Amino acid sequence: LNFYEYDNDKTEKMSDYHISNLADCMIKTHPTNNNDPIPQESNSDHKRAIFDTCWVATNSTASQVRTPETELYFKRLSYIYSHIREKDIKIINIFAPYSNIIDNQLGGAGRVQVWKEELAKINPPNPVVVDFRNIFDGKNGDEYCYDVIHLNHNGAVLFSEALGDYLKNNLKELIKNDKK
């Protein structure tokens, strides 16, 4: 019995592909591209995962403002949050790290501000928002990413340590100010 079935043991990393942006990602990892060999530390499944998540990021809105789609998303999220609060569970919102190549596409300041404002509406009165998007600062973040939006094992360890430190250092404050 493995209590950690969800544990990510994948050590492959995006940095092996030397991808500079989403367009470059779509070319280098495209299933029909046989000109760029699969790096020795990677495999065809990893290459496909990178391509698939690059495709999703490329076809996601880069809008830094509210749109009808974001309004619908937060309406649906509010239903989930309402159900969680009914069970008297504290909600901690976390912005997790992801690949450097989508930072401007999906993680810009305007988009984060929309998230913070909407989370304040659907999780009042004191939403807890913890931003771990920059835990790889000073490092090549793609060393810690399996694909564009998922961490590899080393990234998961770094993220888990940062989250554990945050909880350990803030637990008393989180409980004291707990107004769900």
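On a predicted model such as this, the values are computed, not experimentally measured, just so you know.

A.B. asks: Can you break down the packing of aromatic side chains residue by residue, with the values?
C.D. replies: For the coordinates displayed, the defined rule picks out 7 aromatic pairs. Look at Tyr73 and Phe74: their rings are 5.5 Å apart centre to centre, the planes differ by 85°, and that puts the pair in the edge-to-face class. Judged by its relative accessible area of 4%, Phe74 falls in the buried class. Relative to Trp115, the ring of Phe95 has its centre 6.2 Å away and its plane inclined at 90°; by these criteria the two rings are edge-to-face. Of this pair, Phe95 sits in strand S1 (residues 92–95) while Trp115 sits in helix H5 (residues 109–122); the two residues are 20 residues apart in sequence, bridging distant segments of the chain. A relative accessible area of 11% means that Phe95 is categorised as buried.

A.B. asks: Give me the lowdown on the state of the cysteines, citing residues and values where you can.
C.D. replies: The tally for this structure, following the rule as stated, stands at 1 disulfide. Sulfur-sulfur distance for the disulfide between Cys25 and Cys54 comes to 1.7 Å. Disulfide Cys25-Cys54: the torsion about the S-S bond is 85°, which places it as right-handed. Of this pair, Cys25 sits in helix H1 (residues 22–28) while Cys54 sits in helix H2 (residues 44–58), and the two are 29 residues apart along the sequence. Judged by its relative accessible area of 0%, Cys25 is buried.

A.B. asks: Let's hear about the packing of helix H3 (residues 68–86) against H5: which residues, and what values?
C.D. replies: At a minimum axis separation of 10 Å, H3 and H5 run at an interaxial angle of 40°. When the axis of H3 is compared with that of H5, the two are oblique. Crossing hand, H3 versus H5: right-handed. Residue-level contacts link Glu71, Tyr73, Phe74, Leu77, Ser78, Tyr81 and Arg85 of H3 to Val114, Trp115, Glu118, Leu119 and Ile122 of H5.

Basis of the calculations
- Residues numbered from 1 in each chain as written.
- Predicted model: local features only at pLDDT ≥ 70, side-chain atom pairs only at ≥ 80, totals over all residues.
- Heavy atoms only, no water.
- Phe/Tyr/Trp six-rings, centres within 6.5 Å; stacked < 30°, edge-to-face > 60°.
- Buried < 20%, exposed > 50% of the residue type's maximum accessible area, 1.4 Å probe, protein only.
- Helix = DSSP H or I, 4+ residues; strand = E, 2+ residues; numbered from the N terminus.
- Disulfide = S-S within 2.5 Å.
- Axes fitted to C-alpha atoms, helices over the stretch in contact; angles between N-to-C directions.
- Parallel < 35°, antiparallel > 145°, perpendicular 65-115°, else oblique.
- Left-handed = near helix turned anticlockwise from the far one by under 90°.
- Contact = heavy atoms within 4.5 Å.

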